[in-house]
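What follows is each chain in one-letter form.
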Amino acid sequence: MTALYEVSPPTQPTSSHPPVLHMTDIVKRFGPVEVLHGVHLEVRAGEVHALLGENGAGKSTLMKILAGVQPATSGELRLGGEAVRFRSVADAARHGVRMLFQELSLAPDLSAEENLYLGDMSPLISDRELRDQAAAHLHSLGLDLPLGVPVRTLSVGERQMLAIARALVGEPRVLVFDEPTAPLTAPEIEKLFEFIAQIRGRGVAVVYISHHLGEVFRIADRVTVLRDGRNIATSDVASTTQQQIIEWMVGRHVEVQSRVQPVSGDPVWQIEARPTGASPLHLELRAGEVIGLVGIVGSGRGAALRSLVGIGGESLWNGQPVLSLEDALRRGIGILPEDRKAEGAVLDGTIRENIALSSLPAVSRAGVVQSGPERQLVQQWIEQLHIRPAQPEYLTGALSGGNQQKVVLGRVLAAQPKVLILEEPTRGVDIGAREEIYEVIAGLAAAGLPIILSSGDAQEVLGLATRILVFRGGEVVSELHAPVTLEEVIAHVTGARTH
Amino acid sequence: MSQAHARTDRSPAWRQLLSRYGLWLVFAALLAIASLLSDRFLTVPNFLNIARQTSVNALLAFGMTAVILKGGIDLSVGSILAVVGVIAVFLDQAGVPFVGTVLLSLAAGGLIGSLNGVMVAYGKIAPFIVTLAALTIWRGVTLVLTDGSPLSKLSPAFQAFGNVSPLGVPSPVWLALSALLATWFLLRRTGWGRGIYALGSSEDAARFAGLPVDRLKVSVYAFSGLMSALAALLLTSRLNSAQPTAGSGFELDAIAAVVVGGTSLAGGRGGVIGTLLGALIIGVLNNAMNLLDVNAFYQQIVKGLVIVGALLFERFLSSRSA
């Protein structure tokens, strides 16, 4: 096993520092579903503590509880020995807990100094005073950022540093990073790591969430692994290995049998994707083949996929250009978009109106929708996909997540696509509906439909794909063929294994 | 898609009925109050009068309904009305047969409206800004073309257009009813209408469904322009002249009719039947206040209060039933 980064355990021993944060027996329920089943986390002052786990392991939920985004159902949170309960993000910040979210939350049209003191700015401070204060703060952190210009003119790396600097204004005790390197370039990552080392030196407790194991081994002192909402292990980074951590993350004996049979034969689609500003991607698709795309946020997976339908780039399908979603529909390319509520379903529309939306010409005569053929088409997909309630006039916005997703899938399939792109097909979908959707996908593949499946859930991809492309750093770094184990896929995704 | 919400909620039946027909209640209450206050109100001639007076606003409001359902707004309807009125009189005075004048005027209205749509769809400028600019541009063009004074002397056919009463019903009413049916049919029974609703509900979802989103946007503003042209022909005939200030401020009454009629300004929800009711509520209100000799200054205040009140009433009903 080759590590992506050189493994260099931190030199300063941190075990001497006292724990500043105790999370004990944290339980979180959403309605009847329990997602955290009594999780513990202990972070010491002046340590970088990596929080690891697969998608859905509960990392984000736990951190949202810590940062005051949502309350725990039960459990105890102690900060410096004192029991606390945060009512809001601002409340958590007042107690010295700050979280840097994946999306940078800066005001793009304000300057760096205005962003730094946004919210706690004295109303009578002059521009000069504000700038001096900001310069002093940035200097104390060893940062050199342009002042007096809108922050949208700064680079992504500079904005990230600024966001961290802002979090440090109130001298926090706990700072949470969620995938901070995803949008950054290699030199910017180096800078970030230096910076995190410096923050640690100031005695701040850092919680670091990442999918890059190489990063974890470079900067973290200890690691806690969660799986399915439970603690699996906490260990000093120096006394563990990447192999060990992956086993903790996925479980020791994971056997995922793909529901789809590998296919042979000549490709029916030659696809050339050209995402803007990233390397092009060549794909060959056979009839009945399911290609899985995996890769963490920022790996280039999403950008490559969207360029296939003319968003943020363009593509050639068997030599025919696809520049827009209209082109895609015309060429028989169906896409199930990842954001069901914003991009997938027309929530104000009925089930009937949604399912027929991409097939209107087929059920219309001279532009007038013929209610007979429309009802027949809609009824067919309601039955085939087991949409509940099976009422064409039911409002889509009032359906459960799983049924909304089935309605969108019905809309895509009703247009009789010749190739199907699935983007996070079961995100926010309950387990029952998820199984049904998997069955439908497997059935479509068995009937000869070529499918491209992109998902952040590696297990989902393993269960359906016959071939898996792994994205990292903006391009495809490996191609895996079924049968392959979940550990292998995760190892490639996280960069623990590179070939 | 507007009537859909009543099907899914679990509130008592009377609540659902009320939220579905609340606007009719407002209208009925208004009629009852007006009848009590004035004995001249509840008569056939007065009702025909209301219908006739409402027809121009109704035409503009039907076009506006499509635009607002799409998630846009059209502030330029009054100015398009004015400039098309001038074009129609020019054509008429040049000796073009009246049928030709009608067709060419409608084409002009549709074309001018589609310019708005092009700026919105391809220029990616907010509809409010595009149509605000169009409002002043076409008013300016009208003033230039007329040199600020009315154009009169219409051909007999043009004069008759808005002033005849086939089967005892004034022609403006026939026209508004036909436009109502046509708009309802387009919005509810055609793929175009489905596209408008989907687009207004979520532009991204409409794009992912493969709909021709940009062309839909252009067409909906063209439709509004067409309705403005129809209103222009009617008003020009009624006034027996093209006035340089004709239609000034009409966009506000049209928007008010749409909004009072229950169409969401956010797009995607509502319909043209509601707009008809909205236009009638405003029309009845104007008529009743005139009959009651309410001071014109106070009329404006009352109208504004009724608009806000009608919306609050609807909000109250739908929030309780949601």
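Please read these numbers as outputs of a predicted model, since none were measured by experiment. (Residues numbered from 1 in each chain as written. Chains lettered and ligands numbered in written order. Predicted model: local features only at pLDDT ≥ 70, side-chain atom pairs only at ≥ 80, totals over all residues. Heavy atoms only, no water.)

**Some details on the overall build of chain B**
Scanning chain B for helices and strands turns up 13 helices and two strands. Here the C-alpha atoms of chain B give a radius of gyration of 20 Å, agreeing with the 20 Å that 2.2 N^0.38 yields for 322 residues. Principal axes of the C-alpha set define a box for chain B whose edges measure 65 × 55 × 35 Å. The buried share of chain B, reckoned over its 322 residues, is 54%. Taking the contacts inside chain B whose residues are at least 6 apart along the sequence as the reference set, 78% of them involve residues at least 24 apart. A total accessible area of about 13900 Å² is found for chain B, and carbon and sulfur atoms account for 69% of it. (Helix = DSSP H or I, 4+ residues; strand = E, 2+ residues; numbered from the N terminus. Rg over C-alpha atoms; globule rule 2.2 N^0.38 Å. Buried < 20%, exposed > 50% of the residue type's maximum accessible area, 1.4 Å probe, protein only. Contact = heavy atoms within 4.5 Å. Areas by Shrake-Rupley, 256 points an atom, 1.4 Å probe, with all protein chains shown as cover.)

**A closer look at the overall build of chain A**
Helices and strands together make up the secondary structure of chain A, namely 17 helices and 22 strands. Whereas a compact globule of 499 residues would reach a radius of gyration of roughly 23 Å, chain A reaches 25 Å, a difference of no more than 12%. Seen along its three principal axes, the alpha-carbon backbone of chain A occupies a region of about 70 × 55 × 45 Å. For chain A, the proportion of its 499 residues judged to be buried stands at 53%. The contacts in chain A between residues at least 6 apart in sequence include a share of 66% that link residues at least 24 apart. About 21200 Å² of surface is accessible on chain A, with carbon and sulfur atoms providing 51% of the total. Counting 45 positive and 58 negative side-chain charges, chain A places the centres of these two groups 3 Å from one another. (Lys, Arg positive; Asp, Glu negative; His and termini not counted. Charge placed at Lys NZ, Arg CZ, Asp CG, Glu CD.)

**Brief notes about the UniProt feature "transmembrane region" (unreviewed entry) in chain B**
Residues and elements named next belong to chain B. According to UniProt, the feature "transmembrane region" (unreviewed entry) maps to residues 21-38, 58-91, 98-119, 167-187, 255-285 and 297-317 in the numbering used here. For residues 21-38, the end-to-end C-alpha separation is 26 Å, with 94% helix and 0% strand making up the annotated structure. Within the segment residues 58-91, helix and strand shares are 79% and 0% respectively, and the terminal C-alpha atoms sit 25 Å apart. (UniProt positions renumbered as here; feature names shortened; annotations may be inferred.)

**Let's talk about unusual backbone geometry**
Here Arg388 of chain A and Pro389 of chain A are connected by a cis peptide whose omega angle stands at -5°. Tracing the chain through its elements places Pro389 of chain A in the loop between helix 13 (371-384) and helix 14 (401-414). Positioned with a positive phi, His386 of chain A is a non-glycine residue whose angle comes to about 50°. Its location among the elements puts His386 of chain A in the loop between helix 13 and helix 14. Relative accessible area serves as the criterion here: at 40%, His386 of chain A is assigned to the partly exposed category. One non-glycine residue with positive phi stands out, namely Asp147 of chain B, at about 55°.

**Here's the deal with the confidence of the model for chain B**
All names here are of chain B. Residue-level pLDDT values for chain B average 91, and 92% of them are 70 or greater. Per-element mean pLDDT across chain B ranges from 78 in helix 13 (residues 296-321) up to 98 in helix 4 (residues 98-121). Counting contacts from residues 1-9, a segment whose pLDDT is below 50, to residues more than four positions away or on other chains yields 24 contacts. (pLDDT = per-residue confidence, 0-100.)

**Quick look at the sheet that holds strand 13 (residues 290-294) of chain A**
Residues and elements named next belong to chain A. Ordered by their spatial adjacency, six strands build an open sheet running 16-19-20-13-21-22, and the pairing between neighbours is mixed. For this open sheet the edge positions go to strand 16 (333-336) and strand 22 (475-481), each flanked by a neighbour on one side alone. The sheet shows a mean angle of 20° between the axes of neighbouring strands, taken without regard to direction. Its contacts with the sheet place helix 15 (residues 431-446) against strand 13, strand 19 (419-423) and strand 20 (451-454), and it is angled at close to 150° to strand 20. (Pairing = 2+ DSSP bridges. Axes fitted to C-alpha atoms, helices over the stretch in contact; angles between N-to-C directions.)

**Observations regarding the confidence of the model for chain A**
With 94% of its residues at a pLDDT of 70 or more, chain A shows a mean pLDDT of 87. Here residues 1-14 of chain A scores under 50 on pLDDT; set against residues more than four positions off or in separate chains, the count is 27 contacts.

**Regarding the sheet that holds strand 15 (residues 320-322) of chain A**
All names here are of chain A. The strand order across the open sheet built from four strands is 12-11-14-15, with neighbouring strands paired in antiparallel fashion. Both outer strands of the open sheet, strand 12 (281-286) and strand 15, are each paired with one neighbouring strand and no more. Taking the axes of each pair of neighbouring strands and ignoring which way they run, one obtains an average angle of 25° across the sheet. Two strands pair when backbone bridges link them, and strand 11 (residues 267-275) and strand 12 are joined in this way by six bridges, in the antiparallel orientation. If you follow Ala273 over to strand 12, its bridge partner there is Leu281.

**A few points about the side chain of Asp74 of chain B**
Residue and element names in this part refer to chain B. Here Asp74 is to be found in the loop between helix 2 (44-69) and helix 3 (77-93). Buried and unpaired, Asp74 has no salt bridge, with Lys70 as the nearest side chain of opposite charge at 9.8 Å. At a separation of 2.6 Å, a polar atom in the side chain of Asp74 contacts the side chain of Ser76. A polar contact of 2.8 Å, which involves the side chain of Asp74, links it to the side chain of Ser224. (Salt bridge = Lys/Arg side-chain N within 4 Å of Asp/Glu carboxyl O. Polar contact = N/O pair within 3.5 Å; in protein donor to acceptor, adjacent residues only side chain to side chain.)

**A word on a nonpolar patch on the surface**
All names here are of chain B. On the surface, Tyr21, Trp24, Trp184, Phe185 and Ile273 cluster together into a nonpolar patch covering about 490 Å² of accessible area. Listed by contribution, the elements that provide at least two residues to the nonpolar patch are helix 1 (13-37) and helix 7 (171-189). By secondary structure assignment, the location of Trp24 is in helix 1. Take Trp24: its relative accessible area is 44%, and that puts it in the partly exposed class. (Patch = residues over 30% accessible without salt bridge, like charges linked within 9 Å, V, L, I, M, F, W, Y side chains within 5 Å.)

**Focus on the domain arrangement of chain A**
All names here are of chain A. By domain assignment, chain A separates into domain 1 (19-96 + 171-250), domain 2 (253-332 + 417-499) and domain 3 (351-414). The centre of domain 1, based on its C-alpha atoms, is set 31 Å off from the matching centre of domain 2. Contacts between the two partners involve 13 residues from domain 1, matched on the other side by 14 residues from domain 2. Considering every element that reaches the side of domain 1 that touches domain 2, the biggest residue donor is helix 8 (residues 242-250), with six residues. Here the side of domain 1 that touches domain 2 is built from residues that sort into five nonpolar, five polar and three charged. (Domains from an automatic or database assignment. Nonpolar A, V, L, I, M, F, W, Y, C, P; charged D, E, K, R; others polar.)

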